[in-house]
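A look at the structure
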Amino acid sequence: MSNDIITRIIPDRLTTRSHRALRSWETLLIIIAISVFFINSFSSPYFLNPWNLSDATFNFTEKAMIAFAMAMLIVAGEIDLSVASIVALASTAMGYAMEAGFGTPALILTGLGTGLACGAFNGILVTRYGLPSIVVTIGTMSLFRGLSYIVLGDQAYTGYPSDFAFFGQGYVWWVISFELVLFLVLAIIYAVILHKTNFGRAVSAIGNNPVAAQFSGIRVGRVKFILFLLTGLMSGVAAVCLTSRLGSTRPSIAFGWELEIVTMVVLGGVSILGGSGTIIGVVLAALIMGMVTFGFGLLNVPGIVMSIFIGLLLIAVIALPRLWDMAKTAKKKRS
Amino acid sequence: MITQFIKSREALLVLAIGLLLALISTRFSGFITPTNLANVFQDTSILIMLALGQMVVILTRCIDLSVASNLALCGMVVGLINMAVPGLPIPFLLLVAVLLGAFLGAINGILVWKIDIPPIVVTLGTLTIYRGTIFLISGGEWINAHEMSASFKAFPRYELLGQPVLSWIAVVSIIIFYLLVVRTPLGRAFYAVGGNPHAAVYTGIDVGFTRFLAFVFSGAIAGVCGYLWVARYAVAYVDVAGGFELEVVAACVIGGISIAGGIGTVGGAVLGAIFLGIIKNALPVVDISPFWQLAISGSAIIIAVAVNARSERKKGRIILKKAENVA
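Residues numbered from 1 in each chain as written. Chains lettered and ligands numbered in written order. Predicted model: local features only at pLDDT ≥ 70, side-chain atom pairs only at ≥ 80, totals over all residues. Heavy atoms only, no water.

Considering the overall build of chain A
Quick reminder of the rule: Secondary structure is summarised from DSSP: a helix means a run of H or I of at least four residues, a strand means a run of E of at least two, and numbering begins at the N terminus for each. Throughout, radius of gyration means the C-alpha value; the globule benchmark is 2.2 Å times the number of residues raised to the power 0.38. Accessible area is worked out with a 1.4 Å probe on protein chains only. A residue is then buried under 20% of its type maximum, exposed over 50%, and partly exposed in between. In what follows, residue pairs with any heavy atoms lying within 4.5 Å of each other are defined as contacts. Computed with a 1.4 Å probe, the accessible areas rest on the Shrake-Rupley method; for each residue, only the protein chains presented here act as cover. Here the positive residues are Lys and Arg and the negative ones are Asp and Glu; neither His nor the chain ends is included. Each charge is placed at NZ for Lys, CZ for Arg, CG for Asp and CD for Glu.
A count of helices and strands for chain A gives 15 helices and four strands. For 335 residues, the compact-globule formula gives about 20 Å, and the C-alpha radius of gyration of chain A, at 22 Å, lands near that figure. By its C-alpha atoms, chain A is 90 × 55 × 45 Å across when sized along the principal axes. Residues classed as buried in chain A amount to 52% of the 335 residues present. Pairs at least 24 residues apart make up 78% of the contacts formed inside chain A by residues separated by at least 6 positions. When the accessible surface of chain A is summed, it comes to about 16000 Å², and 66% of that surface belongs to carbon and sulfur atoms. A gap of 16 Å separates the mean positions of the 21 positive and 14 negative side-chain charges of chain A.

Put into C-alpha cells, the structure is as follows:
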C-alpha cells in the first residue's frame with residue numbers, strides 16, 4: 001500500500017457553495033419578500049386576488065426596467081439621477097409626435113430615440129469630458145425636465161391612439177400584463193448581460209478599479225458610454241409604458257422616480273460604491289417595494305407613510321449587517 | 001493678492017453675475033436698482049444659507065440630500081408649536097428649530113460616522129423618512145396664515161437698518177461660516193478630510209467625527225431655514241421645499257465646490273446661490289416664461305461643472321494618467 005498517492009484537497013474557498021448562498025444578500029431579500037407577502041395576505045382579504053396582485057405589479061414594473069440598467073451603471077461606479085427627467089422628456093416628445101399626426105410605431109420610436117439621445121448626452125459629458133456623473137446628471141435632470149416644461153408649460157398631451165394603450169394597459173394572457181412580461185424578459189436579458197458575458201465582467205471590473213481595468217485592456221470610456229446609452233434607452237422604454245398606461249403627458253410625469261429607482265437598486269444589494277451587485281437582487285427589491293406599496297395601499301395607509309417605511313428599510317438593510325459584523329468583531333476582540 | 005483674485009473662481013462668477021445683470025438691465029432697467037437687488041438677496045437668503053451648510057458637507061466628500069426635508073420638518077414642528085402656544089417668544093422657537101435641525105443632521109452624521117454607510121444612501125433614506133414624518137405629525141393638514149401668530153409671521157420681515165431680518169440672518173450666517181471654515185482648526189479639518197481622508201488620519205484628524213460635525217452644521221442651518229421659510233411664506237404643509245435639495249447642491253456646484261471634496265470657498269457657495277437667485281427673479285421681469293427656469297439652471301450646472309473640472313485639473317501633478325481619459 002506504499003504506492004498509494006496521498007491526495008489532499010485544498011478547497012478554493014473556505015465556505016461551501018450552499019453556505020455562501022444561505023448567507024447571501026438575496027436570501028435575506030427572499031425572506032423579507034415572503035414575510036411581506038404573508039403579512040399582507042393576513043392583514044387584508046383582498047390581497048390574494050389574482051387581479052389585485054396583477055394590478056400591484058404596475059407599481060414597480062416601469063421603475064424596475066430602469067433599475068436594471070441603473071444597477072449596471074452603479075456597479076460600474078457611476079450613477080444617473082436624470083432618469084425620471086428622461087422619462088418626462090421622452091413622454092413629451094411622444095406627445096409632440098402624436099400631435100403631429102404620427103401613428104403608434106412612430107411614437108414608440110420617438111420615445112426610445114429620445115431616451116437614447118438623452119443617455120448619449122449624459123454619456124458624452126461623463127466619458128468624453130471626464131465630469132463626475134452625479135453632478136452631470138443633477139444638471140441634466142433639471143435640463144431634461146426643464147425642456148418638457150418649456151414645451152408643455154401647464155398644458156398636457158392627451159388623446160393618444162387607442163392601439164398605443166396596449167403597452168401600459170394590455171394583457172398578454174389572463175392576468176399577465178404586457179408590462180409584467182416585458183419586466184421579466186428584461187430581467188433575464190440584463191441578468192445574462194451582467195453575469196454571463198464579457199461585457200458584464202468588464203462592468204464589474206471597472207466598478208472595482210477603473211485604472212486596473214484600463215490596464216487590463218478594457219475600454220473603460222466606451223463601456224461606460226454604452227451603460228449610459230442603455231440607461232437612457234430603458235428610460236425611453238419606461239416612458240412608452242407609463243405614457244401608454246396613463247394616456248396623457250404632463251411635465252411632472254414620473255417626478256421623484258430617480259430616488260425610488262436608486263433606492264430599489266441599493267436595496268437589491270448593489271454596492272453604491274460600485275463593483276458588486278446582482279440583477280436578481282434588484283428584481284427581489286422591486287417585488288418587495290411593490291408589495292409593500294400595494295399592501296399599505298389596501299390598508300388605506302397613505303403613500304407618504306409608506307415612503308417612511310421604504311426609507312427605513314433602505315437604511316436598515318445596510319446598517320443591520322454592518323452592526324452585526326461590528327458586534328461580532330467586538331466579541332472576538334474581548335475573548 | 002489681487003492677481004490671485006482675478007484668476008480665482010469667484011472672480012469668474014462675479015463676472016458672470018455682472019454680465020447676467022447687464023443683460024437683464026437691457027431688457028428691464030429697473031432690475032438693477034439697489035432696492036430690487038436687496039429684494040433679490042432677501043429672496044435668495046434661504047438658498048444661500050442652505051448652500052453654506054451643504055458646502056461644509058461636500059468639502060468632507062459627503063453629500064446631504066436631506067436638507068430640504070429637514071427644513072420642512074423643522075418648519076412644521078415650529079409651526080405646530082406656534083399654533084398650540086401662540087405666546088412663545090420667537091428666540092425660543094428659533095432655538096427649537098436649530099436644535100431639532102442639528103439633531104436630524106446628527107442622525108445622518110452618526111450613520112455615516114459610526115456605521116460607515118455611504119452618505120448618499122443615508123441621506124436618500126432620511127430624505128423620505130423626514131418628509132414622511134411631517135405627514136405623521138401634521139396628519140397631512142396645512143398650517144395656514146391665520147393659524148400663525150402675528151409675531152411669528154412678522155419676524156423675518158422685521159426691518160433692521162433698512163433691511164429685513166431675513167437678509168441679516170443670511171449675512172450673519174455667511175460671516176459665521178467664513179470664520180468657521182477659514183479661521184478654525186475644524187475648518188481646516190473639513191478641507192483635509194475631503195482632500196485626502198487617509199492623509200487626514202495620519203495628521204491626527206478623526207475623519208468620521210469631522211464628517212459628523214459637518215452634517216450637524218448642515219442640519220442646524222436647515223432647521224433655522226425651516227422656521228424662516230414657514231414664517232416668510234406663512235404656510236406649512238408636507239411638500240414645503242420639495243426638491244429644493246437639488247437646487248442647493250446646484251448652487252454649490254455653480255459656486256465651484258468640488259463634489260469630490262476638499263475644494264471650495266464660502267464666497268463661491270454664496271455667489272453660486274446668488275446666481276441662481278438672480279435667474280429665478282429675473283425671468284418674470286424680462287418676459288420669459290418661468291417654465292424656462294428649470295432648463296436654464298440645469299444648463300448652468302452643466303456649464304459650471306465643466307468649468308470646475310478644467311480648473312481642478314490644473315492643480316497638482318498627474319503621475320498616473322486617469323483611466324477614463326486615456327480612452
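A short note on the interface of chain B and chain A
Put simply, the test is: Throughout, buried area stands for the accessible area (probe radius 1.4 Å) lost by two parts on being put together, summed over both. We define a salt bridge as a side-chain nitrogen of Lys or Arg found within 4 Å of a carboxyl oxygen belonging to Asp or Glu. For the purposes of these results, a polar contact is taken to be a pair of N or O atoms within 3.5 Å, where, inside protein, one atom must be able to donate a hydrogen and its partner to accept one; residues adjacent in sequence count only when each atom of the pair is a side-chain atom.
Residue-level contacts link 44 residues of chain B with 51 residues of chain A. Between chain B and chain A the total buried area reaches about 3900 Å² when both faces are included, carbon and sulfur atoms providing 84% of it. On the surface where chain B and chain A come into contact, there are zero salt bridges. At the junction of chain B with chain A, the criterion picks out one residue pair in polar contact (both at pLDDT 80 or more).

Details of a nonpolar patch on the surface
Residue and element names in this part refer to chain A. We count it as follows: To count toward a patch, a residue needs a relative accessible area over 30% and no salt bridge; like charges are then connected within 9 Å, while nonpolar side chains (Val, Leu, Ile, Met, Phe, Trp, Tyr) are connected within 5 Å.
On the surface, a nonpolar cluster with roughly 890 Å² of combined accessible area is contributed by Trp51, Phe166, Tyr171, Val172, Trp173, Trp174, Val181, Val185 and Ile189. Secondary structure elements with two or more residues in the nonpolar patch: strand 2 (171-173) and helix 9 (178-196). When you line up the elements, Val172 lands in strand 2.

Focus on helix 3 (residues 34-59) of chain B
Rules: Bend at a given residue is defined as the angle between two axes, one fitted to the seven residues that end at that position and one fitted to the seven that begin there.
A bend of about 50° at B:Thr44 is the largest found in helix 3 of chain B. B:Arg61 sits one or two positions beyond helix 3 of chain B and adopts a positive phi of about 70°.

Examining the packing of aromatic side chains
The following threshold applies: Only the six-membered ring of Trp is used, alongside the rings of Phe and Tyr, when aromatic pairs are assigned; centres must lie within 6.5 Å, and planes under 30 degrees apart are stacked while those over 60 apart are edge-to-face, with the rest tilted. In this scheme, Lys NZ or Arg CZ marks a charge over a ring once it lies within 6 Å of the ring centre and within 35 degrees of the ring normal.
Tallied over the full model, the rule gives 25 aromatic pairs over all chains. Ring geometry for A:Phe166 versus A:Phe167: centroids 5.9 Å apart, planes at 75°, classification edge-to-face. Arranged with centres 4.2 Å apart and planes meeting at 10°, the rings of B:Trp142 and B:Tyr237 form a pair that is stacked. Taken together, the positions of B:Trp142 in the loop between helix 6 (119-138) and helix 7 (150-154) and B:Tyr237 in the loop between helix 11 (207-233) and helix 12 (244-254) put the pair 95 residues apart, joining distant regions of the chain. The exposure class of B:Trp142 is partly exposed, given its relative accessible area of 49%. The rings of A:Tyr160, A:Phe164, A:Phe166, A:Phe167 and A:Phe178 are connected pair by pair, giving a single aromatic cluster. The ring of B:Trp113 has B:Lys114 sitting right over it, with the charged end atom 4.2 Å from the ring centre.

Quick word on the packing of helix 5 (residues 83-99) of chain A against helix 7 (residues 133-152) of chain A
All names here are of chain A. Put simply, the test is: As a rule, the C-alpha atoms of each element are fitted with a line to give its axis, helices using only the stretch in contact, and angles between N-to-C directions run from 0 to 180 degrees. Working definition: roughly parallel below 35 degrees, roughly antiparallel above 145 degrees, roughly perpendicular at 65 to 115 degrees, and oblique for all remaining angles. The handedness criterion is simple: a crossing whose near helix is rotated anticlockwise from the far helix by less than a right angle is left-handed, and one whose near helix is rotated clockwise is right-handed. Charged residues are taken to be Asp, Glu, Lys and Arg, nonpolar residues to be Ala, Val, Leu, Ile, Met, Phe, Trp, Tyr, Cys and Pro, and polar residues to be all remaining types, Gly included.
At a minimum axis separation of 8 Å, helix 5 and helix 7 run at an interaxial angle of 25°. In terms of orientation, helix 5 lies roughly parallel with respect to helix 7. Judged by the twist between their axes, the crossing of helix 5 over helix 7 is left-handed. Seen from helix 5, the contacting residues are Ala84, Ser85, Ile86, Ala88, Leu89, Thr92 and Tyr96; seen from helix 7, they are Thr140, Met141, Phe144, Arg145, Leu147, Ser148, Val151 and Leu152. When grouped by side-chain class, the residues that make up the contact of helix 5 with helix 7 number 10 nonpolar, four polar and one charged.

Side note on empty space enclosed by the protein
Residues and elements named next belong to chain B. As a reminder, the rule being used: The distinction between a cavity and a pocket rests on a 1 Å grid over the protein atoms alone: a 1.4 Å probe fits inside a cavity but cannot get out, while a pocket stays open yet meets protein on both sides within 12 Å along at least five of seven lines, and a residue with an atom within 4 Å of a point counts as lining. Grid points are joined across faces, edges and corners, and a volume is the space filled by probe spheres set on the points.
Scanning the entire structure with this criterion turns up one cavity of 30 Å³ or more. Considering only enclosed or pocket space, the largest cavity measures out at about 110 Å³ in volume. Every residue along the wall of the largest cavity is listed here: Asp43, Thr44, Ile46, Leu47, Trp229, Tyr233, Phe244, Glu247, Leu276, Gly277, Lys280 and Asn281. Put simply, the parts of the chain that give the lining of the largest cavity at least two residues each are helix 3, helix 11, helix 12 and helix 13 (266-285). Split by residue class, the lining of the largest cavity holds six nonpolar, three polar and three charged.

Examining the pattern of salt bridges
Residue and element names in this part refer to chain B. A complete count under the given rule lists four salt bridges over all chains for this structure. The residue Asp43 makes a salt bridge to Arg232 at a minimum N-O spacing of 3.2 Å. A residue pair is termed long-range when its members are at least 10 positions apart, and Asp43 in helix 3 and Arg232 in helix 11 qualify at 189 residues.

Some remarks on the state of the cysteines
The criterion, for reference: Pairs of cysteine sulfur atoms within 2.5 Å are what we label disulfides.
Counting across every chain of the model gives zero disulfides over all chains. The closest cysteine sulfur to the non-disulfide-bonded A:Cys118 is located on A:Cys241, 17 Å from its own sulfur. Of all cysteine sulfurs, the one in B:Cys225 lies closest to B:Cys252, which takes part in no disulfide; the gap is 12 Å. Residue class for B:Cys252 comes out buried when judged on its relative accessible area of 0%.

A short note on helix 9 (residues 185-195) of chain B
Those residues of helix 9 of chain B not exposed but buried are B:Gly187, B:Ala189, B:Phe190, B:Tyr191, B:Val193 and B:Gly194. On its buried side, helix 9 of chain B packs onto helix 3, helix 8 (165-183), helix 10 (197-202) and helix 11 of chain B.

Comments concerning the environment of A:Ser235
All names here are of chain A. In this fold, Ser235 is placed in helix 12 (residues 220-246). Here Ser235 falls in the buried class, since its relative accessible area comes to 0%. For the pair Ser235 and Arg128, spaced 107 residues apart in sequence, the C-alpha separation works out to 22 Å. Among residues more than four places away in sequence, those in contact with Ser235 are Ile66, Val83, Ile86 and Val87.

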